[in-house]
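# Observations on the model geometry
Single-letter residue listing:
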Amino acid sequence: MTAATSVGTHPPADLSMNETPYPPLPSVAQVVRDGAATLHRYPDRTASALVAALAARLDVRPEAILVGPGSAGLCQHLVQSFGPRPEVVHAALSFEGYPLIIGNVGARAVPVPMTGYGHDLPAMADAVTERTRCVLLCNPNNPTGAVLRSDEVAAFLDRIPADVPVIVDEAYREFVTDPRSPDGMDLYRAYDNVCVLRTFSKAYGLAALRIGYAVLPPRLVRAAALTGAVFFPNALAQAAAVASLTPAATGELAGRCERLAVSRAGLTDTLRGLGLTVAPSEANFVWLPLGERAVPFADRARAAGILVAAFPGAGVRITVGSDEATERLAAFVREALAAGL
Ligand SMILES: Cc1ncc(COP(=O)(O)O)c(C=O)c1O
């Protein structure tokens, strides 16, 4: 199949947003449909059912949990509430939202270059000063897919002053299969400056509803809750998230994450087999360190009906999609390489 025919016969394959390739769970979609009958009612501003379900799942007190409209919104909320110190330390290259989030709350980003595909944790600890408001760790890292190891994170946290919060962004946690990578909740229990940020957007497949949560140490809960006085998620999102935490849905979603890890390995092998360098990934996307070829690759892919995320001068991030999307991508890559890209 040529690139031109793939555009002509298919809608674009969007592999640029790290969305799940699976449709909503029927049980969850039904809850959202049922919610249409009560759209005239305000949501529960304390998200009590969802907070209770999360508290039971995570074995923490409900007061430790803050629910908000997506983990990006919550991240901004936390960074704002942790003021007034001016600087926020994060890895570069990491989630493209961080510089925006930090700027939005009037803080200053301190990007710390990576070593290879991962965070340079010793350098990030060196970058923490009396001006540091908080640190952002992204595990697995977007866009490279790399995970942090438990021992290196412990060594890092041991160096961070207790009054500097460390936000562990686990947007892709459910896709991790490497046992050496820490569960943020274990870090939360071991260090009283660790906050965990998670989302229902990715593995849970609720990106359109905008809902995520943060788990906060007791001394940070009050400031964060006060900053969020008018900040609560919509009723359908709350109901869908609660439905996603039932035992039946949990089992189905875990099965999907296992299937996705298999697809991730398949996509990685396929691209490597075609001669491309693919970073090891523990998330639902893969990273191609294409350097200056990143933008031409993405432009050409778009012309072939495949959307990927280009990071100019660095690389391309490709979401693990359906088997059909992977086949289309492989056909495109074959053609592009043959044409000398
Ligand atoms: C690392 C990371 N954190 C947070 C988010 C935000 O996700 P959401 O606001 O949909 O929960 C994303 C989305 O791509 C992400 O990659």
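Per an unreviewed UniProt entry, the protein carries the name Histidinol-phosphate aminotransferase and comes from Micromonospora mirobrigensis. UniProt, in its Sequence similarities (unreviewed entry) section for the protein, records the words "Belongs to the class-II pyridoxal-phosphate-dependent aminotransferase family." As its UniProt record puts it under Cofactor (unreviewed entry), the protein is described as follows: "pyridoxal 5'-phosphate".

## Looking at the packing of aromatic side chains
Inspection of every chain in the model, using the stated rule, returns 6 aromatic pairs. Consider the rings of tryptophan 287 and phenylalanine 311, whose centres lie 5.5 Å apart with planes at 75°: the pair is edge-to-face. Separated by 24 residues along the polypeptide, tryptophan 287 in strand E9 (residues 285-288) and phenylalanine 311 in strand E11 (residues 309-311) bring together distant segments of the chain. Comparing tryptophan 287 with phenylalanine 311, the two get one shared label, buried. Seen from the ring of tyrosine 22, arginine 259 lies directly overhead, with NZ or CZ sitting 5.2 Å from the centre. The cationic tip of arginine 317 hangs over the ring face of phenylalanine 285; the distance from NZ or CZ to the ring centre is 6.0 Å.

## Side note on the nonpolar core
Phe156 and Phe200 are the most contacted members of the largest nonpolar core, which totals 53 residues. Excluding its chain neighbours within four sequence positions, the residues that come into contact with phenylalanine 200 are Leu50, Leu54, Gly205, Leu206, Ala207, Ile211, Gly212, Tyr213, Ala241 and Leu245. If you look at the next biggest cluster of nonpolar residues, it comprises 33 residues, including Leu15, Ala294, Ala304 and Leu329.

## Re the domain arrangement of the protein
Reports of interface size often rely on the accessible area that becomes lost once the parts have come together. Domain parsing of the protein yields domain 1 (3-18 + 248-338) and domain 2 (26-245). Taking only C-alpha atoms into account, the centre of domain 1 sits 26 Å from that of domain 2. On the side of domain 2, 24 residues touch domain 1, which itself brings 22 residues to the contact. Of the roughly 1,800 Å² buried at the junction of domain 1 and domain 2 (both faces included), carbon and sulfur atoms supply 61%. Where domain 1 packs against domain 2, one counts 1 salt bridge.

## What about the pairing of strand E8 (residues 212-215)?
The alternating pattern of E8 places Gly212 and Ala214 and Tyr213 and Val215 on opposite faces, both of which are buried. Strand direction decides the pairing type here: strand E7 (residues 194-199) and E8, joined by 4 bridges, are antiparallel. Residue threonine 199 lies in a different strand from E8, and its bridge partner there is glycine 212.

Conventions adopted
- Residues numbered from 1 in each chain as written.
- Predicted model: local features only at pLDDT ≥ 70, side-chain atom pairs only at ≥ 80, totals over all residues.
- Heavy atoms only, no water.
- UniProt positions renumbered as here; feature names shortened; annotations may be inferred.
- Phe/Tyr/Trp six-rings, centres within 6.5 Å; stacked < 30°, edge-to-face > 60°.
- Helix = DSSP H or I, 4+ residues; strand = E, 2+ residues; numbered from the N terminus.
- Buried < 20%, exposed > 50% of the residue type's maximum accessible area, 1.4 Å probe, protein only.
- Lys NZ or Arg CZ within 6 Å of the ring centre and 35° of its normal.
- Core = buried A, V, L, I, M, F, W, Y, C linked by side-chain atoms within 4.5 Å.
- Contact = heavy atoms within 4.5 Å.
- Domains from an automatic or database assignment.
- Buried area = accessible area lost by both parts, 1.4 Å probe.
- Salt bridge = Lys/Arg side-chain N within 4 Å of Asp/Glu carboxyl O.
- Pairing = 2+ DSSP bridges.

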